[in-house]
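# Per-entry structural report
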Amino acid sequence: MLFCYKAATAQTSRAYSNEFLNIGVDAAALGMSNAVVASTGNANSGYWNPAGLMQLEEKELSLMHASYFANIAQYNYGAFAMPIDDRSAFAFSVIRFSVDDILNTTQLIDDQGNINYDRISTFSTADWAFTLSYAREARLDGFSYGANVKIIRRIIGDFANSLGFGLDVGVQLQRGDWQFGIMARDITTTYNTWSIDQDEFATISGAVANQNQELPETTEITLPKLQLGIARVFDWRYDHTITAEVDLNVRFIQTNDIISSSNISATPAVGLEYGYANLVFVRAGVGNFQDELQLDGNDSIAFQPNIGIGFKYKGISVDYALTDIGDSSAALYSNIFSLNIDLSVFSN
């Protein structure tokens, strides 16, 4: 429990902050290893690239559930999107990433050194993100742009909670069968301000000698990130289509990405989708290429492969993704399901 508490309250400008917002939404996109910045065009565009909302024709609802780390962590997502008029659209989405029933053993041993299991309690942690998206079509044919306003709420039982705000902007350009996209996340940097319950903090400090004696800093900063994408749609014998996209995910800090320097790092992602009659879809992708140091001192490249399938009938899409096939990277594989509904099917 102390590890969870300290990890969430270590407040500095660091490479990995608000990481739950980088997991991704929509099994269709995850099946393509998140390589959808240029091609996204449904209710989930509020997350991937708000400019893609201009491809909406009707109101849409999207839902997703995923479990991570052997069902310890739960990830839930919902979004609603609709056109405002012929030249604008908006969306609203909610993400909740949580771990429930965490054991709090800081009071297990009383002042006399006796172990009392009745003193064990539980608490939950939850990360929330509320996003309002707006998109507009520009005067230039095929060009659209959009923006997100994010409110981030993070809660660690009764110990601490934080509130943060962020801003994303995105653009898309379509030229024939080619699609281009840029998504800039946290462009002004996103600040999370933490409020720590000092009484609860004191119980932790008293339970572990010589540790956690000082309150941690209360400001957490998420640095900007940039995603660049190019995609093309290939039509084959009328009923067959293949969508291919290549993205480059850029962070303005040094990481283990395969392209890395002291000020910037980047990793590519490639996704493919085969569709038949706009009814059945098969997807595959690979991304998150990282340099990893092995026990023998040599470097090796780790990556994350994903696959997925989808079915669409009368405006209702059900998608599935299996991420990290064969455990090629350090993360565990996950089964992800999502649902997208064109709400116009209920008005006909």
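Refer to the structure printed above.
In short, a report on the structure.

### Structural notes on the environment of Ile258
- Relative to the helices and strands, Ile258 is located in the loop between β12 (240–251) and β13 (259–260).
- Setting aside its immediate chain neighbours within four residues, Ile258 contacts Ala266, Pro268, Phe289, Gln290, Asp291 and Ile301.

### Notes on the packing of aromatic side chains
- Tallied over the full model, the rule gives six aromatic pairs.
- Consider the rings of Tyr47 and Trp48, whose centres lie 4.7 Å apart with planes at 85°: the pair is edge-to-face. Grouping residues by exposure puts Tyr47 and Trp48 together as buried.
- Arranged with centres 5.8 Å apart and planes meeting at 0°, the rings of Trp128 and Phe130 form a pair that is stacked.
- Residue Trp128 is classed as partly exposed on the basis of its relative accessible area, which comes to 26%.
- Residue class for Phe130 comes out partly exposed when judged on its relative accessible area of 32%.
- Its guanidinium or amino end placed over the ring of Tyr47, Arg185 lies 4.7 Å from that ring's centre, counting from NZ or CZ.

### Regarding the pattern of salt bridges
- All chains considered together, the criterion is met by eight salt bridges.
- Glu19 is paired through a salt bridge with Arg251; the nearest N and O atoms lie 3.5 Å apart. One end of the pair, Glu19, is in the loop between β1 (13–14) and α2 (27–31); the other, Arg251, is in strand β12, and 232 residues separate them in sequence.
- With a relative accessible area of 29%, Glu19 lands in the partly exposed category.
- One salt bridge connects Arg154 with Asp127, and the closest N-O pair in it is separated by 3.1 Å. You can see Arg154 sitting in strand β6 (residues 143–156) and its partner Asp127 sitting in strand β5 (residues 121–137), a full 27 residues away along the chain. For the pair formed by Arg154 and Asp127, the shared burial category is buried.
- Through salt bridges with shared partners, a single network forms among Lys150, Asp168, Asp186 and Lys225.

Conventions and cut-offs
Here, residues in each chain are numbered from 1, in the same order as that chain's written sequence. Reporting of local features is limited, given that this is a predicted model, to residues whose pLDDT is at least 70; pairs of side-chain atoms are given and counted only at 80 or more, and all residues count toward the totals for whole chains, interfaces and linings. Derived side-chain values reflect all non-hydrogen atoms in the structure, with water molecules and hydrogen atoms excluded from consideration. To qualify as a helix, a DSSP run of H or I must reach at least 4 residues; to qualify as a strand, a run of E must reach at least 2; elements of each kind are numbered from the N terminus. We call two residues in contact when some of their heavy atoms are within 4.5 Å. Only the six-membered ring of Trp is used, alongside the rings of Phe and Tyr, when aromatic pairs are assigned; centres must lie within 6.5 Å, and planes under 30 degrees apart are stacked while those over 60 apart are edge-to-face, with the rest tilted. When accessible area is computed with a 1.4 Å probe and restricted to protein chains, residues below 20% of their type maximum are described as buried, those above 50% as exposed, and intermediate ones as partly exposed. In our convention, an over-ring charge means Lys NZ or Arg CZ found within 6 Å of a ring centre and within 35 degrees of that ring's normal. One side-chain nitrogen of Lys or Arg within 4 Å of one carboxyl oxygen of Asp or Glu is enough to make a salt bridge.

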